[in-house]
Amino acid sequence: MVKKKTAFVCSDCGAEFARWQGQCSECRAWNTVTEFRVPSVKAPPRSAAMAGYAGMVDAKVQTLDEVNLESLPRFSTGFKEFDRVLGGGVVPGSAILIGGSPGAGKSTVLLQTMCLLAQTMNTLYVTGEESLQQVAMRANRLGLPTDKLRTLAETNVETICQLALQEKPSIMVIDSIQVMHMNDVQSAPGSVSQVRESAAYLTRFAKQNQVAIFMVGHVTKDGSLAGPKVLEHCIDCSILLEGSADSRFRTLRGNKNRFGAVNELGVFAMTGQGLKEVSNPSAIFLNRSEEQTPGSLVMVIWEGTRPLLVEVQALVDYSQLANPRRVTVGLEQNRLAMLLAVLHRHGGLQVADQDVFVNVVGGVKVSETSADLALIVALVSSFKNYALERQLVVFGEVGLGGEIRPVPSGQERLKEAAKHGFKRAIVPNANKPKEPIEGMEVIAVNSLSDALEALF
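Residues numbered from 1 in each chain as written. Predicted model: local features only at pLDDT ≥ 70, side-chain atom pairs only at ≥ 80, totals over all residues. Heavy atoms only, no water.

(A) The arrangement of the sheet that holds strand β21 (residues 441-445) in detail. The strand order across the open sheet formed by seven strands is β15-β16-β14-β13-β17-β20-β21, and the pairing between neighbours is mixed. Looking at strand neighbours, the two that pair on one side only are β15 (326-329) and β21, the edges of this open sheet. Here the average twist between neighbouring strands, direction ignored, is 25°. Pairing of strand β17 (residues 392-394) with strand β20 (residues 424-428), which is carried by three bridges, proceeds in the parallel orientation. Paired with Leu 392 across the two strands is Arg 424, which belongs to β20. Packed on one face of the sheet, helix α8 (residues 333-347) meets β15 and β16 (354-360) and runs near 125° to β15. (Pairing = 2+ DSSP bridges. Helix = DSSP H or I, 4+ residues; strand = E, 2+ residues; numbered from the N terminus. Axes fitted to C-alpha atoms, helices over the stretch in contact; angles between N-to-C directions. Contact = heavy atoms within 4.5 Å.)

(B) Representation of the packing of aromatic side chains in the model. Under the criterion given, the structure shown has two aromatic pairs. Taking the centre distance of 5.8 Å and the plane angle of 55° together, the rings of Phe 82 and Phe 214 count as tilted. Remark: Phe 214 occurs in strand β8 (residues 212-217) and Phe 82 occurs in helix α1 (residues 80-86); sequence separation between them is 132 residues. In this pair, the class of Phe 82 matches that of Phe 214, namely buried. Sitting above the plane of the Phe 249 ring, Arg 248 keeps its charged end 5.1 Å from the centroid. Of note, Arg 413 hangs over the ring of Phe 395, and the distance from its end group to the ring centre comes to 5.7 Å. (Phe/Tyr/Trp six-rings, centres within 6.5 Å; stacked < 30°, edge-to-face > 60°. Buried < 20%, exposed > 50% of the residue type's maximum accessible area, 1.4 Å probe, protein only. Lys NZ or Arg CZ within 6 Å of the ring centre and 35° of its normal.)

(C) Region of the structure containing empty space enclosed by the protein. Scanning the model with the defined rule gives one cavity of 30 Å³ or more in all. Estimates place the volume of the largest cavity at around 50 Å³. Forming the walls of the largest cavity are Arg 74, Leu 86, Gly 89, Val 90, Val 91, Ser 94, Ile 96, Asp 236, Cys 237, Asn 257 and Phe 259. (1 Å grid on protein atoms, 1.4 Å probe; cavity = no way out; pocket = protein on both sides within 12 Å on 5 of 7 lines; lining within 4 Å. Points joined across faces, edges and corners; volume = space filled by probe spheres on them.)

(D) Geometry of the environment of Gly 266. Topologically, Gly 266 is positioned in strand β11 (residues 265-271). We classify Gly 266 as buried; its relative accessible area is 0%. The sequence separation of Gly 266 and Lys 80 amounts to 186 residues, and the corresponding C-alpha distance is 8.6 Å. Discounting chain neighbours no more than four positions away, the residues touching Gly 266 are Glu 81, Val 85, Arg 250, Thr 251, Leu 252 and Arg 306.

(E) Highlighting helix α4 (residues 157-167). Within α4, burial applies to Val 157, Glu 158, Ile 160, Cys 161 and Ala 164. The buried residues of α4 all sit within an arc of 160° when viewed along its axis, so they share a single face. If you follow the buried residues of α4, they end up packed against β5 (123-127), β6 (150-153), β7 (171-175) and α5 (192-209). Two to three positions downstream of the cap, the backbone nitrogen of Glu 158 sits 3.1 Å from a side-chain oxygen, assigning the N-cap of α4 to Asn 156. Trailing α4 by a residue or two, Lys 168 shows a phi angle of about 55°, which is positive. (Arc of directions from axis to C-beta. Polar contact = N/O pair within 3.5 Å; in protein donor to acceptor, adjacent residues only side chain to side chain.)

(F) Looking closely at the pattern of salt bridges. This model, assessed by the stated rule, comprises 15 salt bridges. A salt bridge links Glu 303 to Arg 253; its shortest N-O distance comes to 3.0 Å. With a gap of 50 residues between them, Glu 303 in strand β13 (residues 296-303) and Arg 253 in strand β10 (residues 249-257) connect regions that are remote in the sequence. On the basis of relative accessible area, Glu 303 is assigned to the buried category, the value being 7%. Given the relative accessible area of 13%, Arg 253 is considered buried. A network of salt bridges, in which partner residues are shared, links Glu 16, Arg 196 and Glu 197. (Salt bridge = Lys/Arg side-chain N within 4 Å of Asp/Glu carboxyl O.)

(G) The arrangement of the confidence of the model for the chain in detail. Here the chain averages 87 in pLDDT, and 91% of its residues register 70 or above. For the stretch residues 51-57, pLDDT sits under 50, and the model shows eight contacts to residues farther than four places along the chain or on other chains. (pLDDT = per-residue confidence, 0-100.)

(H) Molecular detail of the packing of α8 against helix α11 (residues 448-455). Where α8 meets α11, the closest approach of the two axes is 10 Å, and the angle between their N-to-C directions is 80°. When the axis of α8 is compared with that of α11, the two are roughly perpendicular. Counting all contacts with α8, which are made through Val 342, Leu 343, His 346 and Gly 347, the residues of α11 involved are Leu 448, Ser 449 and Leu 452. Each residue belonging to the contact of α8 with α11 can be placed in one class, and the counts come to four nonpolar, three polar and no charged. (Parallel < 35°, antiparallel > 145°, perpendicular 65-115°, else oblique. Nonpolar A, V, L, I, M, F, W, Y, C, P; charged D, E, K, R; others polar.)

(I) Just the pairing of β7, in detail. The element β7 is largely enclosed, with a buried count of five among its five residues. Burial along β7 is two-sided: Ile 171, Val 173 and Asp 175 and Met 172 and Ile 174, pointing in opposite directions, are all buried. In this structure, β5 lies alongside β7, joined through five bridges in parallel fashion. Within β7, the position partnered with Leu 124 by the bridge is Met 172. Two strands pair when backbone bridges link them, and β7 and β8 are joined in this way by four bridges, in the parallel orientation. Paired with Ile 171 across the strands is Ala 212, a residue of β8. For the segment spanning β7, α5 and β8, crossover handedness is right-handed. (Right-handed = clockwise from strand over helix to strand, strands pointing away.)

Pasting the structure below:
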């Protein structure tokens, strides 16, 4: 009788150990190491057409010049914003993980995509969280064509791959990976071992049969994808669908993409007929009030491969507390503290006794440094109760020495601002355009004092 192999795995980080121990030596969590039976190695089913696929059956050492460089033809999802985030479309044989908070619209956007693609190619929509009646009700409510979309309600990964081998789909959706399970893994669906083995099995099936697979993933309370980190390593593309419950707009952001740029951003609007793409996202983030208010300013950030105009708001008010508050929404709080120190040292403005609140309008999260100069200008505007002109746009990185550093793609940022009617711009001197931009006055500055002098 063959002895069953067992392993000990941490349920938090997925680290494996030879024997049980009370504390995980990788993530330092206590009482998270559990025992499970190691599944027997089983290869996913492969179609006869892919039996000779290079690298899948007979391993062979090759030099790089012998590798076939013919690019696989991508196909569109039907949404230009979705294609943008994926790097230009869906690559056959790719494994794509789409995550998001409950109610963000993950199942909705995938159902819309699959119903559209089903008109021209073989598709398979696998649901493990809903019944087929529930999926059909949502499709009818959204007014989608349902006559050609093949659906399946199943949670066993081996069964799904066997049926997919018969259906021969070009694209398949797994909703969701957290409810899938394999027979040989002795743990509950959603556990670290089940998610890891199920995702690895589906990824191998996608590569061997040239089937593009979308996997829906849940997120934890801190916004990260639930499950082991190896889940994000084994797939080709990881994207997050973000959006608050009180906003009708959703942002699709790429975190990992082997076939395109990362940090690409796609914007959608949630309507009664599902998600509708927003082709000009700067317009929705520039819905400003007609009255000029202190502390409000427009900046140009770079998201993926395009510029985006967003409004930043700052409020500086006298604090009654011993330790004044520093609150940021959409920006990094540590960077705000650093910029306040630079403002004091090189701008001569002391806000140690003031509460500082900063907000990026529209729920956009800004991580790049081009927002530094705009944030400082908004802070000074609020502190001095001085309203800035509405046709002003500002961007630039601020160094610790008070210098204004250039940012990438300065020309494209200025052209995007001019297209939306902005007449004046304050930019780093290195980003000054070689040729004047029609209808826009560009003020190039080298230091923080130069920028404050030009404005105030």
